[in-house]
Amino acid sequence: MSVHDDNRLREQIAMFGQSLFDRGLTMGSSGNISVRLADGGWLMTPTNACLGRLDPARISRLDSERRLLDGDRPTKESFLHLAVYGERPQSGAIVHLHSTHSVAVSCLPEIDPGDCIPPLTAYYVMRVGKLPLVPYHMPGDPTLGDAVRGLAGKHSAVLLANHGPVVAGKSLEAAVYATEELEETARLFLLLRGQNPRCLSDAQVAELEARFLRD
Ligand SMILES: O=C(CO)COP(=O)(O)O
Ligand SMILES: [Zn+2]
């Protein structure tokens, strides 16, 4: 992997982090972003960093053995990201946010833990699909990795109970788009609660899945 690629990805993480933060999609020092590198390692946002003010040079770089090569100490959710990558060789990036409406859905007692948000729109089906709920764990709890491992092979996105979404994508751009779609659909879902909305039919969902393959 060239120095040029490494620098480009660092810049991209900082740019998307700022964009997400500036639009209020995660607050304070919450959330984290990672990218898989061609040499088998990873770039990850440092722990306790604000996604809106990342210094590209201080982003953590891990080698394929998960050792820190340079930058600050990585996010405390690094094992969560690594557990998802382990199940999803096709995924090149992961975004975790505390996006308000997605977090709100993750706190509702009556949601279906197998699929937290119904297929309200085509773009939700295309970018996110079925969204399982992962039972509550403390942030940074290493057993969270085990909890997502069983789900991440089949699902590019999972929702951590009383916490927030974890979304994988082929590229960082794809993971960001999917996270944004999830947040907006969570907002729609909350707006439509109690109104018995018309959802897409099984046939409409199947057609979208066949036509727009998610990674
Ligand atoms: O969202 C977070 C924990 O779940 C933020 O943690 P880090 O600051 O360690 O990335
Ligand atoms: Zn978090």
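Residues numbered from 1 in each chain as written. Chains lettered and ligands numbered in written order. Predicted model: local features only at pLDDT ≥ 70, side-chain atom pairs only at ≥ 80, totals over all residues.

Another point: the site of ligand 1. In the region of ligand 1, the neighbouring residues are Ser 29, Ser 30, Gly 31, Asn 32, Thr 47, Asn 48, Thr 75, Lys 76, Glu 77, His 96, His 98 and Pro 139. Partitioned by chemical class, the residues of the shell around ligand 1 number 1 nonpolar, 9 polar and 2 charged. (Near = placed C-beta within 6 Å. Nonpolar A, V, L, I, M, F, W, Y, C, P; charged D, E, K, R; others polar.)

What follows deals with the environment of Ile 94. Within the fold, Ile 94 resides in strand β5 (residues 93-96). In this structure Ile 94 comes out as buried when scored by C-beta crowding, with 29 C-beta atoms within 10 Å. (Helix = DSSP H or I, 4+ residues; strand = E, 2+ residues; numbered from the N terminus. Buried ≥ 20, exposed ≤ 12 C-beta atoms within 10 Å, placed from the backbone.)

Another aspect to go through is unusual backbone geometry. Even without being glycine, Asn 48 reaches a positive phi, approximately 65 degrees. Here Asn 48 is to be found in the loop between β2 (42-44) and β3 (60-62). A residue is classified by how many C-beta atoms lie within 10 Å of it, and Asn 48, with 12 of them, is exposed. Even without a glycine there, the phi angle at Asn 162 is positive, about 50 degrees.

Across the interface, helix α2 (residues 78-87) lies against helix α5 (residues 143-152) with an axial gap of 8 Å and an inter-helix angle of 25 degrees. If you check the angle between α2 and α5, you find them roughly parallel. Here α2 and α5 pass one another in a crossing that is right-handed. Contact residues: α2 offers Phe 79, Leu 80, Ala 83, Val 84 and Glu 87, while α5 offers Leu 144, Gly 145, Val 148, Arg 149 and Ala 152. Tallied by class, the residues present in the contact of α2 with α5 amount to 7 nonpolar, 1 polar and 2 charged. (Axes fitted to C-alpha atoms, helices over the stretch in contact; angles between N-to-C directions. Parallel < 35°, antiparallel > 145°, perpendicular 65-115°, else oblique. Left-handed = near helix turned anticlockwise from the far one by under 90°. Contact = placed C-beta atoms within 7 Å.)

Moving on: the nonpolar core. Within the largest apolar cluster, 54 residues are counted, with the highest numbers of intra-cluster contacts made by Ile 13, Val 148, Val 158, Val 166, Val 167 and Ala 175. Broken down by element, this core gets its largest block of residues, 8 residues, from helix α6 (residues 172-191). When sequence neighbours within four positions are dropped, the list of residues in contact with Val 167 reads Ile 94, Val 95, Ser 156, Ala 157, Ala 175, Ala 178, Thr 179 and Leu 182. (Core = buried A, V, L, I, M, F, W, Y, C linked by C-beta atoms within 7 Å.)

If you walk across this open sheet you meet the 8 strands as β4-β3-β2-β1-β5-β8-β7-β6, and the pairing is mixed. Pairing within the sheet leaves two strands with one partner each, and these edge strands are β4 (68-70) and β6 (133-134). Helix-sheet contacts for helix α1 (residues 3-22) involve β1 (32-36) and β2, and the interaxial angle to β1 is about 150 degrees. (Pairing = 2+ DSSP bridges.)

Along the chain, Gly 92 turns up in the loop between α2 and β5. Once the C-alpha coordinates of Gly 92 and Gly 28 are considered, the two residues, 64 residues apart in sequence, prove to be 25 Å apart. Excluding residues within four positions of it along the chain, Gly 92 makes contact with Val 35, Arg 36, Lys 170 and Ser 171.

Time to look at the UniProt feature "domain: Class II aldolase/adducin N-terminal" (unreviewed entry) in the chain. If you check UniProt for "domain: Class II aldolase/adducin N-terminal" (unreviewed entry), the listed places come out as residues 11-190 in our numbering. The straight-line gap between the two end C-alpha atoms of residues 11-190 is 35 Å; of that span, 36% is helix and 17% is strand. (UniProt positions renumbered as here; feature names shortened; annotations may be inferred.)

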